[in-house]
Structures are given as C-alpha cells and as structure tokens.
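# Summary of the model geometry
Below, each chain spelled out in residue letters.
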Amino acid sequence: MWTILASTLLAQVSADKELDDAIVEDEPSSGEAPDLPGLGQKLPTPAELLKMLDSMAGLSEEDKENIRSEILKNQQGQGHAKALSASSDFTTETALLLVLLGVIALVFVFFGYKLYRSLSERERKREEKKRNKQMKKKK
C-alpha cells in the first residue's frame, strides 16, 4: 500500500515537471495560415519596447508615460511570477520529501513494534516456563 502511494506521488511530480519542460512548436498547425507576418521572430524585450516607445512621434507624452508604466509593470510581474513558480516547485519537492520520509519512518516504527511484541512475548513465555518448572519441583 505504501509503495503504491509513494509511486503515485513520484509519478505526479514527474508529470508536473514534464509539463513544465514541454516544448511549444513554432510551426503553425495545418489549420492555420502559414503566411502570418512575424511568425518566426522573437518578441522584443521590455528594454527594446521602451526604446521603440521613445522613438514614436505620433503619441502624446501622457500616452507614452501610460504605456511605459504598463511595460514596467508587466516586466516586474513576470519576474514575480517566476519567483512564485520556483517557490511552488520548492514547496512541492519539500512536501514530497517529507511524505516519503514519513513513510520510511512509519515502516521502521511498524517493524520496531513487531520486534518489541515478539521479544516481549518470548520473554513472557520463558517466565511462564520457568514458573512451571518451579511448580513441578515443589510437587
């Protein structure tokens, strides 16, 4: 029973890691049009977006400032999301480690208890046998 639980937990962690490591295909599927512009290009970094924003002449300063604040907010949110993801992975691995250590401890406790019961039963039988011998000598 414990081995099933442990193997299930290990399979769950393995599946979670595989989902995190999944690769997204860059090629469009057969249902999409392959002639989309910029399909094979990388997205610009926030620093590049800020440079592009400064070079735009048709926007008012207020609009530029709003866009700049949104870009910076998104950049900080992405860093925070990565930190939360790393923290979540650490928490999951720690929980799994504690569960497995608990299972191992329970196995040791179970066998220790069985050993204690066996030894105490053996001692009780010896004492009983000794008493029976003494009773026979007294007769």
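Residues numbered from 1 in each chain as written. Predicted model: local features only at pLDDT ≥ 70, side-chain atom pairs only at ≥ 80, totals over all residues. Heavy atoms only, no water.

Looking only at helices and strands, one finds three helices and zero strands in the chain. Secondary structure elements of the chain, listed N to C terminal, follow the sequence α-α-α. Here the chain, with 139 residues, has 6% of them falling under the buried criterion. For the chain, the accessible surface area stands at approximately 12,600 Å², while carbon and sulfur atoms represent 60% of it. (Helix = DSSP H or I, 4+ residues; strand = E, 2+ residues; numbered from the N terminus. Buried < 20%, exposed > 50% of the residue type's maximum accessible area, 1.4 Å probe, protein only. Areas by Shrake-Rupley, 256 points an atom, 1.4 Å probe, with all protein chains shown as cover.)

Side chains of Leu-97, Leu-98, Leu-101, Ile-104 and Phe-108 sit close together on the surface and give an oily, nonpolar patch of about 540 Å² of accessible area. With a relative accessible area of 62%, Phe-108 lands in the exposed category. (Patch = residues over 30% accessible without salt bridge, like charges linked within 9 Å, V, L, I, M, F, W, Y side chains within 5 Å. Salt bridge = Lys/Arg side-chain N within 4 Å of Asp/Glu carboxyl O.)

Further remarks concern the confidence of the model for the chain. Scored by pLDDT, the chain comes out at a mean of 77, with 64% of its residues at no less than 70. Taken element by element, the predicted model of the chain shows its lowest mean pLDDT in helix α1 (residues 2–20) (61) and its highest in helix α3 (residues 61–138) (87). (pLDDT = per-residue confidence, 0-100.)

Tallying each qualifying case throughout the model produces five salt bridges. The residue Lys-73 makes a salt bridge to Glu-70 at a minimum N-O spacing of 3.6 Å. Pair noted here: Lys-73 and Glu-70 are both in helix α3, with a separation of three residues, about one helical turn. Looking at Lys-73, the relative accessible area reads 51%, which means it is exposed. The partner of Arg-126 in a salt bridge is Glu-123, and the shortest N-O contact between them spans 3.9 Å. A residue pair is termed a helical-turn pair when its members lie 3 or 4 positions apart in one helix, as Arg-126 and Glu-123 do in helix α3 at three residues. Judged by its relative accessible area of 39%, Glu-123 is partly exposed. If you follow the salt bridges from partner to partner, you end up with Glu-121, Arg-124 and Glu-128 in one network.

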